[in-house]
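Fold and geometry: a report
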Amino acid sequence: MPKNILFLILSEQAYPNVLSAKIFKPNIIIYMLTKKMKKLNVDEHFKKAIELNNGYEYKYVPIYIDEDLDIYKIKSKIEEIWAKYENDNWIINITGGTKILSIAAYSFFENKNQEVIYFPNNSDHYIKLKNNDEIEKIPIPEHDLLKVNELLTSYGVKIINSNEDIKAKQKKDDLSLYIALNINDDKVTNFLSYIMAIKIKQNNDIIRSKGVYISNDIHNKLKNEYPEMFKNVVSKIIDNILEKREYTISEDWVKFLTGGWLEHFVYMVINEIKDELKIQDLYMNMTIQHADKPQNELDVVFSKSDRLYIIECKSGEQSKEKGDEALYKLKAIKSSINALSISLNLVTTANAMHENKNDAIKKNIEERAQWYNINILPKKEVINLAKLYSTNNKEEISEKIKELFNIY
């Protein structure tokens, strides 16, 4: 019985190869790669990615190509493998690798009566090349589109952990929306900064085990000076130790109030309309690492088609760091992932990044963001998005999210 064979050209741009393996589920995968790509372990990354979620076992047959990329030598090496499997059914994906490798593969298989395919960038279809120079566009099944973990793994990125179980989700939904709607209120920002100041003064080990300690005096100060925030936020998350007349805010809620609220808000809004936008999957606070490089945390990350969207969130109370440090972090993340199709976004309510309280992003930060190809959403967009989210109009929310994050 003829076997189903998938022929691939492996390179650092892994998406079309991983996707084609997921779509066609061959018995044998014959892949061609240069010795340079072998040293970068692109074949091992590819194997890990395609075996990640399907539990399917493949037989692999490698073809190693010299760096001189002599087209006749390349075709000769393909011929050696073809002779062993010429009676089987082949699908030849010419998307990966250099132009010379693609030309050599296409030239060899052009008259072999086998299926030759190509995956365009940012597309919901692949192209079937026919012998009469015609093409046929084949839709990619939605269930075969790659998820975040498959995309990252295919580029050699290890996922250390990801937050899928959100504690007190409904309460955080409500509170993050409240803060986003009122982030221009000085009482709100001063309160959040005050919580940060209390956190900084206290020992991190104690915070991890018992949370942030709030004395009775501080409790009364919060209640009297920030009555709205106390009513809408503090009273819902503070733990009261009555017999000692002491109060604590748990580590989880401290993280929320000192920056996590913005990550949660962005995640909440996108999660509400991810089905409408056909987003494959969505994560918050995912920790990743590439090879021996430092770990990085992705505040919000999701995938759509072949594109990975990474969102860094910076609120004013998180730190006194300069705005461009968030840009450097995103640039470093992109360099470590090395994916062709990746969208970098910064959502910020930090006054340090704005010209003034209600104005645009500072010019030097905006210029650097453009240089790094990073999209910035300023405070006014966060407020507008919060107002729109409050209407529960999914169609308008979807259109706004598409516009803000350039989703297509």
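Notes on the structure in this doc start here. Model, not experiment: these values are computed from the prediction.

Along the chain, His-354 falls in the loop between strand E15 (342-348) and helix H14 (363-372). A distance of 2.7 Å separates the side chain of His-354 from the backbone oxygen of Ala-350, its partner in a polar contact. Excluding residues within four positions of it along the chain, His-354 makes contact with Thr-348, Thr-349, Asp-359, Ala-360, Ile-361, Lys-362, Pro-378 and Lys-379.

Our focus in this paragraph is the packing of aromatic side chains. Both the distance between ring centres and the angle between the ring planes are used here to describe each pair of aromatic rings. This model, assessed by the stated rule, comprises 15 aromatic pairs. Put simply, the rings of Phe-7, Trp-82, Trp-90, Phe-108 and Phe-109 touch in pairs and so form one group of aromatic residues. Looking at Arg-307, its charged tip hangs above the ring of Tyr-309, at a distance of 5.7 Å from the centre.

Below, the discussion takes up unusual backbone geometry. Unlike most non-glycine residues, Lys-278 shows phi in positive territory, near 60 degrees. As for its placement among the helices and strands, Lys-278 is situated in the loop between helix H12 (251-273) and strand E12 (281-290). Of note, Asn-406 is a non-glycine position whose phi angle comes to about 55 degrees, a positive value. As for its placement among the helices and strands, Asn-406 is situated in the segment after helix H16 (394-404). A residue is classified by how much of its surface remains accessible, and Asn-406, at 42% relative accessible area, is partly exposed.

Counting along an α-helix, one turn takes 3.6 residues, and residues three or four places apart therefore face a common direction. Burial analysis of helix H3 (residues 42-50) places seven of its nine residues in the buried class, which makes it a mostly covered element. By the burial criterion, the buried members of H3 are Val-42, Asp-43, His-45, Phe-46, Lys-47, Ala-49 and Ile-50. Residues of H3 that are buried in the fold lie against strand E1 (4-9), helix H1 (15-24), strand E2 (28-34), helix H2 (35-39), strand E3 (59-65) and helix H6 (148-154).

What counts and how
- Residues numbered from 1 in each chain as written.
- Predicted model: local features only at pLDDT ≥ 70, side-chain atom pairs only at ≥ 80, totals over all residues.
- Heavy atoms only, no water.
- Helix = DSSP H or I, 4+ residues; strand = E, 2+ residues; numbered from the N terminus.
- Polar contact = N/O pair within 3.5 Å; in protein donor to acceptor, adjacent residues only side chain to side chain.
- Contact = heavy atoms within 4.5 Å.
- Phe/Tyr/Trp six-rings, centres within 6.5 Å; stacked < 30°, edge-to-face > 60°.
- Lys NZ or Arg CZ within 6 Å of the ring centre and 35° of its normal.
- Buried < 20%, exposed > 50% of the residue type's maximum accessible area, 1.4 Å probe, protein only.

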